[in-house]
Amino acid sequence: MPLVVWFGSYQKFNKEIQPPLDPRVIHPAPPVEFTGLYNPFNVEDKETLRKNVADGKEIYYRNCIFCHGDLLNGDGIYAHGFNPRPANFQDPGVLPMLQESFLFWRISTGGIGLPQESTPWSSAMPKWEDMLTDEERWKVILFLSDYTGFVPRSWE
Ligand code: HEC
């Protein structure tokens, strides 16, 4: 009898560590209209840049905080209800690995804008182009970078 129990749990364990049959693509290629863009609000003038970051901060705390968290670590008050979890911008595998165009695309079109290879999964990431202007979406990217100290790839 103990052997049967042991075998049962072994089977269960074995099943849990199987890789997914069809792994989803977390960072798919953005559509052409969202490639090669640069942030028009990342300006040379320090004073204006500071103002743009401040605007971005306000946009973040009004719209993004609930999911991505007040520390930008993906731990907002709604985060626990979502699978996949909201992105953690404090993770060095996120902002430094992505281009600004990519971030602008993901913020603009959200979970619904993800291509086939990134499904099936239901991302709760909203489609911000319906709720925020282009200017606001670029400025919030400035804030993500300013707060975390991580620069998107296109800034190199
Ligand atoms: C209702 C919850 C929710 C809100 C509000 C939200 N997000 Fe998200 N976001 C998610 C989830 C869940 C993901 C992870 C799944 C995905 O990539 O679509 C995500 C992913 C992202 C990504 C992609 C990161 C990557 O690694 O590809 C970016 C960028 C992003 N969010 C920025 C924002 C910004 C900026 C705001 C505010 C304007 C915002 N999000 C508001 C839920 C949310």
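Presented here is a report on the structure given in the accompanying data block. Fair warning: this is a prediction, and the values are worked out from it, not measured in the lab.

Criteria and cut-off values
- Residues numbered from 1 in each chain as written.
- Predicted model: local features only at pLDDT ≥ 70, side-chain atom pairs only at ≥ 80, totals over all residues.
- Heavy atoms only, no water.
- Helix = DSSP H or I, 4+ residues; strand = E, 2+ residues; numbered from the N terminus.
- Buried < 20%, exposed > 50% of the residue type's maximum accessible area, 1.4 Å probe, protein only.
- Areas by Shrake-Rupley, 256 points an atom, 1.4 Å probe, with all protein chains shown as cover.
- Donors = N, O, S within 2.8 Å, 3.2 Å for Na, K, Ca; no water.
- Tetrahedral: all angles 85-135°; square planar, octahedral: opposite > 155°, others 65-115°.
- Near = heavy atom within 4 Å.
- Polar contact = N/O pair within 3.5 Å; in protein donor to acceptor, adjacent residues only side chain to side chain.
- Nonpolar A, V, L, I, M, F, W, Y, C, P; charged D, E, K, R; others polar.
- Phe/Tyr/Trp six-rings, centres within 6.5 Å; stacked < 30°, edge-to-face > 60°.
- Contact = heavy atoms within 4.5 Å.
- Salt bridge = Lys/Arg side-chain N within 4 Å of Asp/Glu carboxyl O.
- Expected span 1.5 Å × (residues − 1).

So, the overall build of the chain
Within the chain, the secondary structure is distributed over five helices and zero strands. Reading the chain from its N end, one meets helices and strands in the order α-α-α-α-α. Within the span of the chain, comprising 156 residues, buried residues form 33% of the whole. Of the roughly 10000 Å² of accessible surface on the chain, 59% is carried by carbon and sulfur atoms.

Observations regarding the coordination of the iron atom of the ligand
Here the iron atom of the ligand is held by His-68 (NE2) and Met-125 (SD), and the distances to it run 2.0 to 2.2 Å. Around the iron atom of the ligand sit six donor atoms; with metal-centred angles ranging over 85 to 180°, the donor geometry is octahedral. Placement of the pair is His-68 in helix α3 (residues 65-68) and Met-125 in the loop between α4 (100-109) and α5 (134-148), with a sequence separation of 57 residues. Accessibility expressed as a relative area gives 11% for His-68, which makes it buried. Met-125 sits in the partly exposed class, given a relative accessible area of 22%.

Brief notes about the site of the ligand
Contacts to the ligand come from 25 residues, most closely from Cys-64, Cys-67, His-68, Arg-106 and Met-125. A distance of 2.5 Å separates an oxygen atom of the ligand from a polar side-chain atom of Arg-106. Separating an oxygen atom of the ligand from a side-chain N or O atom of Ser-123 is a distance of 2.5 Å. Elements with a contribution of two residues or more to the shell around the ligand: α3 and α4. Residue contributions to the shell around the ligand peak at four residues, all from α4. When its residues are assigned to classes, the shell around the ligand shows 19 nonpolar, four polar and two charged.

Thoughts on the packing of aromatic side chains
Applying the stated rule across the entire model yields eight aromatic pairs. With a centroid separation of 5.3 Å and 85° between ring planes, the pair formed by Tyr-60 and Tyr-61 is classed as edge-to-face. Its relative accessible area of 0% is what places Tyr-60 among the buried residues. Here a set of aromatic residues connected by ring pairs shows up, and it is made of Tyr-60, Tyr-61, Phe-143 and Tyr-147.

Quick word on the environment of Pro-86
Residue placement: Pro-86 occurs in the loop between α3 and α4. Along the chain, Pro-86 and Met-125 lie 39 residues apart, while their C-alpha atoms are 7.4 Å from each other. The residues touching Pro-86, leaving out its near neighbours within four places in the chain, are Cys-67, His-68, Gly-74 and Ala-79.

Concerning the pattern of salt bridges
Tallying each qualifying case throughout the model produces nine salt bridges. A salt bridge links Asp-55 to Lys-51, with the shortest nitrogen-to-oxygen separation between them at 3.1 Å. Taken together, the positions of Asp-55 and Lys-51, both in helix α2 (residues 46-63) and four residues apart, correspond to about one turn of that helix. Take Lys-51: its relative accessible area is 48%, and that puts it in the partly exposed class. Among the ionic pairs, Glu-129 bridges to Lys-127, the shortest N-O distance being 3.9 Å.

Some remarks on α2
Each α-helix turn comprises 3.6 residues. Residues three or four places apart therefore point the same way. The first and last C-alpha atoms of α2 sit 26 Å apart over 18 residues, in line with the 26 Å expected at 1.5 Å per residue. Where the residues of α2 are buried, they touch α3 and α5.

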